[in-house]
Structure formats: structure tokens, C-alpha cells
Amino acid sequence: MPVLDNYCEFAGRHYETGALRDALAWEGVRAPHSGEPLSEALLLGISGGIAFGYFTFQYQGYPPHLVLLTRNTFDPLPTLCERLAIPQDVRQTASADKGAANLRDALAEGRAAIVMADSFSLPWTLLPHDVRNWAMTPLLVYGLDEENAWVAGPSSRPLVIPAATLAAARGRVKKERFRVTTLGAPDLSRLESAVEAGLRQCHALFTEGPPRGSKNNFGLLALERWAQLLTNTRNKQSWARYFAPGRDLMMALAGNHTQPGAFGFIELWGFDGMERAAYADFLDEAAVILDSPALREVGETLRRSHAQWRELSRMLLPDETPALAETRQLLQRRYALLDEQGMDALPEMRRCHERQSELFEQLSADFPMTEAELTAFREGLAAQVLAIHATESEALAQLGEELRN
């Protein structure tokens, strides 16, 4: 059985919760409160929910870049499996041939299998090979023969790639090399406790000390810090100094061929608007599961935040600066193409990528804002970040009150 008969689960979007959503849906798991497959929004909430983090990095030989955290990144997949008591059958080997055989065995049992694969080795990411860069992420595979592999990924269409390409991506990092995981049915009697644990973890990630790292990099404090760095030019980490006009500022705004930039994290990392509307959808479900209607009010506040994040993404690459606006449109188009057309979109996606690279070089050489315009630009971004801070503070206060009841 090289390809699962009648496989049809392509709703997942984020590489972790999306892979789990599609795998469980294929196994026939249905939520007791809806009669539908467990939604990715529900899995997002149970895994720890949304978050905010602000980090900057500069490595030798690479331009500076920033990372924004949209959701809990502290072991969300193991957390989901633990909270829902999802059985896992894990097979791992150092042999590429045995790894392929293990995958085919899982498929022969009628199971879609989660493998770990390097994003830099997957053709639809358009990431360049770099011996110093890799990113092993979960990938749901529903077919494999000697020539091809069938993947349910960040697309509403099947992603069919050469089997050798999948093997290379699976073998990139020793720790996760050729791992195959299949899932059993979760214990849905734990759904209420899992939802409540996810809610509490989300609230803590915003308002308490993080599991590791500086508290100023996480949650509400990180939003305040970002706003300060946009306007305080004396700080060596300020955008005026760390992300100087040209190449470095473009890295912060839109990224390059390896880093997504602020726009990519806000709009393209999983769900748009920093995933706030997706979390609001989770809160609507949590309100039913926990019989807690007040959670819907928290969700409505976060939908306001979602709109504010989307406006911030537009401000980062504004219509008033044509080259920046075109960069935004190219990024959005590239990701929409993959969703709509799957692998058939690759030629047009490459054209978008090439044009984006041309604009990056153009804007790096001659950024089209005067010093006064740059100051006003950063101040506008800071004001929007503080508006988001106010809205998310309100949502967290509402959530905290509900958790205390």
C-alpha cells in the first residue's frame, strides 16, 4: 500500500499542531462536544496556546535578524500527547533503508505517519542548503513508494516529492534521524483537564517568568520592550542601531531567503494575525467544553488584538512605500500559491522569491526613507505595539479572572 486509500485530511497548517490534527482526523478521532475532528485551534490551545516573545540574533557571516514567538514553543507536541494521553508508536533507526521500511510498514497498517524532516531540504520552502542551518520539524506522510512520497503539509493539496528528497530531509540531524511516529486514539475523558491546563499555561507564559531565558523576552514585558527598542535610539539593541536602514532593517521587516522577519512571523508562521483569531476559536470551544461562557468574551478581546496585529503587519511593509508594499504582496502570494496549488505552484513561487530577492537588494542599497521619515515610521510601529499590549493585557486580565473562579 504505497499510498493510503482515500486519504483526505489537509486542514493542518502549523507544522506541529497541523500534523497532529490531520493524523488524528485520519484515525477517525472526533471531539465529543462537536462530533467533528479535533480542530487545530483546539490543539493549539491545549498545547499551551499563544505567546509573545521578542529576540534578536547576529551570527558570524549572517546579517542580524529577529524572532517573534507566536505560540508556546516549549515542547508543544509532547505536551499535547501527555495531556490527551495519546498513544505513540515510535520507531527510529540510523539506516535510511530501515527508516523507509518502517515508514512503509506504518502505511501498510493504514496509518499516516509523522516523521521528522529538515525544512531546508524540502522543496516547497525554497530555503537554500546551508551546512550551518537546519530545522527538523514534524511532517505527516501518507504515501511512499520507490520513487515518490506523499505529504500532507501546509497546503490544501497533496505535496508529492521524490522519495530520495524525503529521505535526505529525514536524515539531516542525528538525534531525529529516520524517526517514524504513529498515533493512537486520545483519552478524551481528559479533554476538560487538558483544556484547563492549556489555558493556565498560556496565561503564565504572558504574565509569569518563562521556563528559561530573560523575563523581558516574553509576554507583556516583551511587548513593552519591543516598543521601547523601536524608539529609544540610545540602546544598542534599538532598531535605529541594530536594524540600521538598508539590509539590516529589511531583515527585521521582511527577512531574507532564510529568516521570515517580523511580517512573516505575524502573518505566515501558522495562522495570520499572530494566531490570535485561531486562539479565539479555541476559546469558543473551551467555553463549551468547560461550560464557561466568559471565555468567549476573552476570545472577542483577542479578535481585536488579531486585527491590530494584522494592521501592524501592514505598517511594517506599507502601501506608501511601493517597494515595501510589493514585498508584502509577494510574500502573501507565495504562501497562498502553495495552499491553493501544492507542488504545481513551485515555478510561480520561485518567481515571487526571485523578485523578492531583487527588492531586498534594491532596498538594502537605498532604503527609501529620510531620517525623519524613519523616526516617524518606528514611532508609528511602537504606538501600534503598545496598542496591542493594552488589548492583550485586557484579554489576560479577563482570562486570569476566569481561571480564578
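A brief structural summary. (Residues numbered from 1 in each chain as written. Predicted model: local features only at pLDDT ≥ 70, side-chain atom pairs only at ≥ 80, totals over all residues. Heavy atoms only, no water.)

### Considering helix α14 (residues 346-365)
Then, in step 1: Across its 20 residues, α14 extends 29 Å between first and last C-alpha, which sits within 8% of the 28 Å expected from 1.5 Å per residue.
Then, in step 2: Turning to α14, its buried residues are Leu346, Met349, Cys352, His353, Gln356, Leu359, Phe360, Leu363 and Ser364. The buried residues of α14 occupy one face: seen down the axis, they fall within an arc of 140°. Across from the buried face of α14, at angles greater than 90 degrees, the exposed residues are Glu361 and Ala365.
Then, in step 3: On its buried side, α14 packs onto α9 (247-253) and α13 (322-341). (Helix = DSSP H or I, 4+ residues; strand = E, 2+ residues; numbered from the N terminus. Expected span 1.5 Å × (residues − 1). Buried < 20%, exposed > 50% of the residue type's maximum accessible area, 1.4 Å probe, protein only. Arc of directions from axis to C-beta. Contact = heavy atoms within 4.5 Å.)

### Structural notes on the pairing of strand β6 (residues 148-152)
Then, in step 1: By the criterion of burial, β6 is predominantly enclosed, with 4 of the 5 residues buried.
Then, in step 2: Judged from the 4 bridges that link them, strand β5 (residues 136-144) and β6 form a sheet pairing that is antiparallel. Across the sheet, Val141 pairs through a bridge with Val151, a residue of β6.
Then, in step 3: Turn length for the β5-β6 hairpin, with the two strands adjacent in sequence and antiparallel, is 3 residues. (Pairing = 2+ DSSP bridges.)

### A closer look at the environment of Phe178
Then, in step 1: Looking at the secondary structure, you find Phe178 in the loop between α5 (163-170) and β8 (180-183).
Then, in step 2: Since its relative accessible area comes to 7%, Phe178 is described here as buried.
Then, in step 3: With near-sequence residues (within four places) excluded, Phe178 lies in contact with Arg91, Gln92, Thr93, Ala94, Ser95, Ala96, Gly99, Ala167, Arg170 and Gly171.

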